[in-house]
Amino acid sequence: VNASESVQVLGFSPVTGRIAMISARTTGSGSGGNVIISTGRLTALNGGGVNAVVFGSGSGGDVTVNASESIEVGGIEPRSLQMSVLSSSTANAGAAGSLTINTRRLIVRDGGRIDTSTVASGAAGSLLVNASESIEVSDTPLRSPTPSAIASSASIVDESLRHSFRLPPFPTGASGNVTINTPRLIVRDGAQVSVKNEGTGNAGMLQVNAGEIFLANLGSITASTASGNGGNIALEVNSLQLRRGGAITTTAGGTGNGGNLKINSDIIVALENSDITANAVQGRGGNISINTSAIFGA
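What you see is a predicted model; the values in this text were computed from it and never measured. (Residues numbered from 1 in each chain as written. Predicted model: local features only at pLDDT ≥ 70, side-chain atom pairs only at ≥ 80, totals over all residues. Heavy atoms only, no water.)

**Examining the nonpolar core**
Point 1. Judged by nonpolar contacts, the single largest core of 51 residues is most densely connected at Ile 71, Ile 114, Ile 135, Ile 150, Ile 213, Ile 221 and Ile 248.
Point 2. Apart from residues lying up to four places away in sequence, Ile 221 is in contact with Leu 185, Val 193, Leu 206, Ile 213, Leu 215, Ile 233, Leu 235, Ala 247, Ile 248 and Thr 249. (Core = buried A, V, L, I, M, F, W, Y, C linked by side-chain atoms within 4.5 Å. Buried < 20%, exposed > 50% of the residue type's maximum accessible area, 1.4 Å probe, protein only. Contact = heavy atoms within 4.5 Å.)

Here's what the structure looks like:
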């Protein structure tokens, strides 16, 4: 899709009974196609989205979005609670493709998600986000099934969906790596930047390279697993601020080992019950390495 000004993917159509989507899928052993969008502004709202999906054993296609001005992903469709998404995912044995985003400003709000994911044995793809000005992830609505997020995940889905798509009770595929490059990253109001695996596989690596990271009002950067080894988090940043319950955590449940957490920052401020932690339930907690000139905390 080449649109010099804008692309809009918006909500639900009462005529077709379907949610607006730009999508490439594979349902058999063949590989899925790629999705490439080049435009000035991309908007995906009220359940609309762009994705590549695997329903078979073939590999999924890659998704690439180049938006010179901005990308906005936000809102959920109120009937189905479908989230607005830019995504690459697998619901079978085939591996999901990668997701690459290049833009100036990225906004993910009101339950919107940018993610790569698996709910079965196939591996989730990698996620790369380059935003030359800023990224803001915020505002999760009460009815949203998941928080606003930039993520790679292996998730357990609702039982009715498992029966409908003949999915396993829990995923065994690995979640992918997430890399974010931007001068300014804001995560607030319960939103997340994360790598997560709720099945038996390992979580991916989460790398953020930023001039400033601001986490507030329960906004978080997390890596977690249910029983596999926790993912690692690496932050290269000039200024890191955590306010009002902001958190950076690596966690492993079951017998898995927690991921390592490495922060290189000129200044770190953590106030108002904000935390930097590495945990494990039965396994070994991850290491925390912080290199900084000054830490301010209360």
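Here the narrative resumes.
**Quick look at the pattern of salt bridges**
Point 1. Applying the stated criterion across every chain yields a total of 14 salt bridges.
Point 2. We note a salt bridge from Arg 109 to Glu 72, for which the minimum N-O separation is 2.6 Å. With a gap of 37 residues between them, Arg 109 in strand β11 (residues 99-109) and Glu 72 in strand β7 (residues 63-74) connect regions that are remote in the sequence.
Point 3. A relative accessible area of 24% means that Arg 109 is categorised as partly exposed.
Point 4. Between Arg 105 and Glu 133 there is a salt bridge, with its nearest N and O atoms 3.9 Å apart. With a gap of 28 residues between them, Arg 105 in strand β11 and Glu 133 in strand β13 (residues 127-138) connect regions that are remote in the sequence.
Point 5. The partly exposed category is assigned to Arg 105, whose relative accessible area is 27%.
Point 6. Here the residues in one salt-bridge network are Glu 69, Arg 104, Arg 105 and Glu 133, joined through shared partners. (Salt bridge = Lys/Arg side-chain N within 4 Å of Asp/Glu carboxyl O. Helix = DSSP H or I, 4+ residues; strand = E, 2+ residues; numbered from the N terminus.)

**A closer look at the side chain of Ser 153**
Point 1. Looking at the secondary structure, you find Ser 153 in strand β14 (residues 149-154).
Point 2. The contacts of Ser 153, once residues within four sequence positions are left out, are Arg 113, Thr 116, Ser 117, Thr 118, Ala 124, Ser 175 and Lys 196.

**Examining the sheet that holds strand β20 (residues 247-252)**
Point 1. Here nine strands make up an open sheet; going across it, the order is β4-β6-β10-β12-β14-β16-β18-β20-β22 and the pairing parallel. Each edge of the open sheet carries a strand with a single partner, namely β4 (21-26) and β22 (275-280). Strand-to-strand twist in this sheet, taken as the mean axis angle between neighbours without regard to direction, amounts to 5 degrees.
Point 2. By the bridge criterion, six bridges tie strand β6 (residues 49-54) to strand β10 (residues 85-90) in an arrangement that is parallel. The partner of Val 50 across the bridge, within β10, is Leu 86. (Pairing = 2+ DSSP bridges. Axes fitted to C-alpha atoms, helices over the stretch in contact; angles between N-to-C directions.)

**Concerning a nonpolar patch on the surface**
Point 1. Taken together, the side chains of Ile 288, Ile 290 and Ile 295 make up a nonpolar region of the molecular surface, amounting to roughly 250 Å² of accessible area.
Point 2. By the secondary structure assignment, Ile 295 is in strand β24 (residues 294-297).
Point 3. In this structure Ile 295 comes out as exposed when scored by relative accessible area, which is 52%. (Patch = residues over 30% accessible without salt bridge, like charges linked within 9 Å, V, L, I, M, F, W, Y side chains within 5 Å. Areas by Shrake-Rupley, 256 points an atom, 1.4 Å probe, with all protein chains shown as cover.)

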